[in-house]
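Listed below, chain by chain, are the residues.
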Amino acid sequence: MNQFDTIIIGSGAGGLAAAICLARAGQKVLVLEQHDVPGGWCHSFTLQGQRFCPGVHYIGLIDKGQSTSRLYEGLGVANDLVFFRMNPKAYEHCWIEDEKIDMPAGIDELHESLSQRFPKERKRLKKYLKLVKDVSDQIQLIPKMNGFWDAITIPYRTRYMGKYGLFSLKRVIDWHIKDPMLKAVLNIQCGDHGLPPDRASFPVHCTVMYHYFNGAFYPLGGGGGIVKAMTQAVKKHGGEIRTKQNVQKILIQNNQAVGVELAGGEKIFATTIVSNADPSATYLNLVGKENLSAKLLKKLSKTKYSVTSLILFVTLDMDVTKAGMDSGNIWMANDKNLDKVFQSLTTNEIINDDEFPGVFISCTTLKDPASFNGRYHNLEVVTFIDYNSFAEFNTSEDYHGDAYLQYKERITEKLMNSLEKVIPNARQHIVQMDLGTPKTNEFYIKSTNGNVYGTEKSFTQIGPFTFKAKSEIKNLFLCGASTMSHGVGGATNSGVEAAAKILNCRFQELLIRDENQNIRIYDAEDRSTWPDWVHQKRKVRRDRLIIPGTCSLEF
């Protein structure tokens, strides 16, 4: 007799979204998470009282009526979420070569701001930004189409998607924009999908740009704030979440998933299994090759995963706003040719040179002002690398040794060199810092090759070529960044889609409209918009201030 209706492996945004939908539909749901806290890439953690979040750096379309807001409202978690609007005048700061160019919120504001900097491109820029919006609108329209009339009109209603869908970002932007620096600014958000312009799908990049056209937001508590709201919803509807549960095997009988086996040998049975793990981890490690078709094995053998990351977590004892920091992100690139930057990032010789060719810098205590204790600011400095850069540490379970520590020290030095371009003399104010590597990603997230975006978002791995929610094995379903889309919103939507397949209903049927559900939004840059409880949180943090020593965790 099955103990649960559905077991969900992994508690990332996709797994938790699926759990909410299934539990709300009356199923008995169990979520199993191998880490000691739920959340996957969305989880937050603390180093000596200071909060960091490895995977959530900003989210778009949070305003009332926009798609991410409607998603959280439909899941019934909006009332438990608070977001801070990042600097609307410059939610992205582009530091490219010797230029500093800001990207403001609003497509019209973006057009005007960039037109003033690039006056000869005004008309071409307007046409290009409209194209990005049109393609994104049409991508979102496709899954909503249903019935005879939609089938007849789809070629017209998705004509821009059809015209540009098979071209690279570089090809399309070269057709529309002439100035190399403006191209670099418009392409800087390639970092949000991990592919350079010459390899990136134009539609994928359109969806990323569109996601932030109206500005960017950061959740109270970092990604952990979203996880808390979602886990509360799972439990509210009778679902169960267990951490420190390492699933070793998905139990298969007669080509049907019937349960899971944990590391200690315990077996738990269910009618349905949902895996929030990567496809390779799901199929090759948990299901086993002997249970897979030749077609699926061939697909898995060709599957490529996205870039992996290096993340420096730093706490500084100084007022970083005096150095010009605000709630906006900083993208740094040493060359306006972003293809060249990505090529340099993904070479194996990462300890050479004094800086990485491209980094992302943000200050979480400015993006989430409720987390600031009046003294210490927390920053995250991120760059991408190829997994093979850590090849010498991928052959042993116990990779912690002198060579690994020396590697980390050299990488940390390089990332600090970049940070000091933004905050001079930052080294003199370090309270604590530590470096997350691809090995960290593998240990805490269990992501294949330490990837940060699931499968690589190249042409042969997006759209109709992604891994489907419904697998070839009966009662086994997938969700996460390698199915519908990546990012917090994409992964969350993938969980709803998996639940819809299980319940044999439409995606939209699981997003229940409730006018009483509303996300609270405040302006990170304007303290007059903050409610009293935000000021009180800051006061409590000041009163409980912990003076940390230099920290070096064994990541």
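Just so it is clear, the structure is predicted and the values come from calculations on it, not from any experiment. (Residues numbered from 1 in each chain as written. Predicted model: local features only at pLDDT ≥ 70, side-chain atom pairs only at ≥ 80, totals over all residues. Heavy atoms only, no water.)

Trainee: Is there a simple way to explain empty space enclosed by the protein in this structure?
Mentor: To find leftover empty space, one rolls a probe the size of a water molecule over the atoms. One pass over the structure, following the stated rule, counts one cavity of 30 Å³ or more. Size it by volume and the largest cavity reaches roughly 180 Å³. Elements with a contribution of two residues or more to the lining of the largest cavity: β14 (329–333), α13 (338–345), β15 (358–363) and β16 (376–385). With four residues, α13 is the single largest residue contributor to the lining of the largest cavity. (1 Å grid on protein atoms, 1.4 Å probe; cavity = no way out; pocket = protein on both sides within 12 Å on 5 of 7 lines; lining within 4 Å. Points joined across faces, edges and corners; volume = space filled by probe spheres on them. Helix = DSSP H or I, 4+ residues; strand = E, 2+ residues; numbered from the N terminus.)

Trainee: I'm lost on the sheet that holds strand β8 (residues 217–219) in this one. Help?
Mentor: What holds strands together in a sheet is hydrogen bonding between their backbones, with the strands either parallel or antiparallel. What the three strands build is an open sheet, ordered β8-β5-β19; its pairing is mixed. Here the strands that pair on one side only, and so sit at the sheet edges, are β8 and β19 (520–523). Each strand axis lies, on average, 30° off the axis of its neighbour in the sheet, ignoring direction. (Pairing = 2+ DSSP bridges. Axes fitted to C-alpha atoms, helices over the stretch in contact; angles between N-to-C directions.)

Trainee: What is the right way to look at the environment of L316 in this model?
Mentor: Within the secondary structure layout, L316 lies in strand β13 (residues 308–317). In this structure, the C-alpha to C-alpha distance between L316 and H377, residues 61 residues apart in sequence, is 5.3 Å. Apart from the residues lying within four places of it in its own chain, the contact partners of L316 are R375, Y376, H377, L379, I423, A426, H429, I430 and V431. (Contact = heavy atoms within 4.5 Å.)

Trainee: How should the packing of aromatic side chains be read in this particular structure?
Mentor: We describe a pair of aromatic rings using the distance from one ring centre to the other and the angle between the two ring planes. Across all of its chains, the model carries 21 aromatic pairs by this definition. Note on Y91 and Y212: the rings are 6.3 Å apart at their centroids and 35° apart in plane angle, and the pair reads as tilted. Taken together, the positions of Y91 in the loop between β5 (82–85) and β6 (92–96) and Y212 in the loop between α9 (202–211) and β8 put the pair 121 residues apart, joining distant regions of the chain. Among the residues examined, Y91 registers a relative accessible area of 2% and is labelled buried. What makes Y212 buried here is its relative accessible area of 7%. Ring geometry for F443 against Y444: centres 4.9 Å apart, planes inclined by 90°, an arrangement best described as edge-to-face. According to the relative accessible area criterion, Y444 is partly exposed, its value standing at 23%. Seen from the ring of F467, K299 lies directly overhead, with NZ or CZ sitting 4.7 Å from the centre. The ring centre of F356 lies 4.0 Å from the NZ or CZ of K414, which sits over that ring. (Phe/Tyr/Trp six-rings, centres within 6.5 Å; stacked < 30°, edge-to-face > 60°. Buried < 20%, exposed > 50% of the residue type's maximum accessible area, 1.4 Å probe, protein only. Lys NZ or Arg CZ within 6 Å of the ring centre and 35° of its normal.)

Trainee: Looking at this structure, how should I read the pairing of strand β10 (residues 247–252)?
Mentor: Each regular strand shows side chains that alternate between the opposite faces of the sheet. Bridging between β10 and strand β11 (residues 257–262) involves five bridges; their strand directions are antiparallel. Bridging from a neighbouring strand, L251 pairs with G259 of β11. Once β10 ends, the chain turns through four residues before running back antiparallel as β11, passing N254 with a positive phi of about 55°.

Trainee: Honestly, the sheet that holds β14 in this entry has me stumped. Any pointers?
Mentor: A sheet is described by the order of its strands in space; here seven strands give the open sequence β7-β6-β14-β15-β16-β13-β17, paired in mixed fashion. With one partner strand each, in any of the chains shown, β7 (99–103) and β17 (430–436) form the two edges of the open sheet. If you compare each strand with its neighbour and ignore which way they point, the axes differ by 15° on average. Across the face of the sheet, α13 comes into contact with β14, β15 and β16 while running at roughly 90° to β16.

Trainee: Which parts of the structure should I look at to understand the pattern of salt bridges?
Mentor: Working definition: two side chains of opposite charge can pair if their charged atoms are close together. Under the defined criterion, the tally for this structure stands at 24 salt bridges. E73 is the partner of K64 in a salt bridge, and the nearest nitrogen-oxygen pair spans 3.0 Å. Residue D134 pairs with K130 through a salt bridge whose shortest N-O separation is 2.8 Å. Here D134 pairs with K130, and both are found in helix α4 (residues 122–141), just four residues apart, close to one helical turn. Residue classification places D134 among the buried positions, given a relative accessible area of 15%. (Salt bridge = Lys/Arg side-chain N within 4 Å of Asp/Glu carboxyl O.)

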